[in-house]
Amino acid sequence: MELYLDTADVSAVKRLARILPLHGVTTNPSIVAKEGKPIWEVLPALRDALGGTGKLFAQVMASDAERMVAEAALLSQRVPGLVVKIPATAEGLAAIKKLKAMSIPTLGTAVYGAGQGLLAALAGAEYVAPYVNRLDAQGGDGIEMVHELQQLLSLHAPNARVLAASFKTPRQALECLLAGCQAITLPVEVAEQFLAAPAVQAAVEKFEQDWQGAFGTQLLS
């Protein structure tokens, strides 16, 4: 299983990389724009925040296949090992096919349907990113779509991975893992919700109080 943070906040990546078993960081144009820095500054800083390792994802801005391929080649050249995010549109599928032939790894993004995700995988995308909460917000069923997509890839494109995205709650992420997803990417606030457990903190404090009461210290020695 691969765990990613969906952010361009370098300080947040540094903080959570110390705690979580992160495989890397995913970004998109909105996330990078929020930081207000050029992508060529953001991506190296994110890799440094991961300790010099880890997989990075960044998205093209072009809308036609030819320019998508050119931007993907530039991203791949400037940031070795980068996975290029390509929207799974008609033009995006054409770009993914070309990039597969160029051995540039891609992720089919902005996936709102299982069939759309399967086409991205068949075109050559190594990862497919269904938008779970965004589909829910439109009246759909994001988790059910992920179930269908995961089954389709298992049957027809076993070399591609679902990288589930767009979460508002930890439960959504867990449901995707239970559906068999091999990768998820969490917004910082959702990752932190996994770690925020008041009952756990209360239990730890009770242990400390009992030990302090018996031995006059909170240390083992």
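In this text the structure is predicted, and so the values were computed from the model without any measurement.

Rules used throughout
- Residues numbered from 1 in each chain as written.
- Predicted model: local features only at pLDDT ≥ 70, side-chain atom pairs only at ≥ 80, totals over all residues.
- Heavy atoms only, no water.
- Core = buried A, V, L, I, M, F, W, Y, C linked by side-chain atoms within 4.5 Å.
- Buried < 20%, exposed > 50% of the residue type's maximum accessible area, 1.4 Å probe, protein only.
- Contact = heavy atoms within 4.5 Å.
- Axes fitted to C-alpha atoms, helices over the stretch in contact; angles between N-to-C directions.
- Helix = DSSP H or I, 4+ residues; strand = E, 2+ residues; numbered from the N terminus.
- Parallel < 35°, antiparallel > 145°, perpendicular 65-115°, else oblique.
- Left-handed = near helix turned anticlockwise from the far one by under 90°.
- 1 Å grid on protein atoms, 1.4 Å probe; cavity = no way out; pocket = protein on both sides within 12 Å on 5 of 7 lines; lining within 4 Å.
- Points joined across faces, edges and corners; volume = space filled by probe spheres on them.
- Nonpolar A, V, L, I, M, F, W, Y, C, P; charged D, E, K, R; others polar.

Caption draft 1: Broad picture of the nonpolar core. Ranked by size, the top nonpolar core spans 62 residues in total, and within it Leu153, Phe167 and Cys176 carry the most contacts. Beyond its immediate chain neighbours, meaning those up to four positions away, Cys176 contacts Val132, Ile143, Val146, Ala164, Phe167, Cys181 and Ile184. Residues Phe57, Leu107, Tyr127 and Ala183 belong to the second largest nonpolar core, which totals eight residues.

Caption draft 2: Broad picture of the packing of helix α1 (residues 10-17) against helix α10 (residues 188-195). Running from amino to carboxyl end, α1 crosses α10 at an angle of 25°, the nearest separation of the two axes being 11 Å. In terms of axis orientation, α1 runs roughly parallel to α10. Two packed elements cross with a definite hand, and for α1 against α10 that hand is left-handed. In this structure, α1 uses Ala12, Arg15 and Leu16 to contact α10, whose residues at the interface are Val188, Ala191, Glu192 and Leu195.

Caption draft 3: Broad picture of the layout of surface pockets. Space inside the largest pocket adds up to approximately 640 Å³. Every residue lining the largest pocket is counted, 29 residues in all, and those nearest its centre are Asp6, Asn28, Ile31, Arg134 and Pro187. Contributions of two or more residues to the lining of the largest pocket are made by α2 (29-35), β5 (106-111), α7 (132-137) and α10. Of the residues forming the lining of the largest pocket, the biggest block, five residues, is contributed by α2. Across the lining of the largest pocket, the residue classes tally to twelve nonpolar, nine polar and eight charged. Volume-wise, the second largest pocket comes out at about 200 Å³. Mapped by element, the contributors of at least two residues to the lining of the second largest pocket are α2, α3 (39-49) and α4 (65-78). Per-element accounting of the lining of the second largest pocket gives the leading share, three residues, to α4. Its residues assigned to classes, the lining of the second largest pocket shows eight nonpolar, three polar and one charged.

Caption draft 4: Representation of the packing of helix α5 (residues 90-101) against helix α6 (residues 114-123) in the model. Packing of α5 against α6 leaves a shortest axis separation of 8 Å and a crossing angle of 25°. Classified by the interaxial angle, the pair formed by α5 and α6 is roughly parallel. Touching Leu93, Ile96, Lys97 and Lys100 of α5 are Leu119, Ala120 and Ala123, all from α6. Its residues assigned to classes, the contact of α5 with α6 shows five nonpolar, no polar and two charged.

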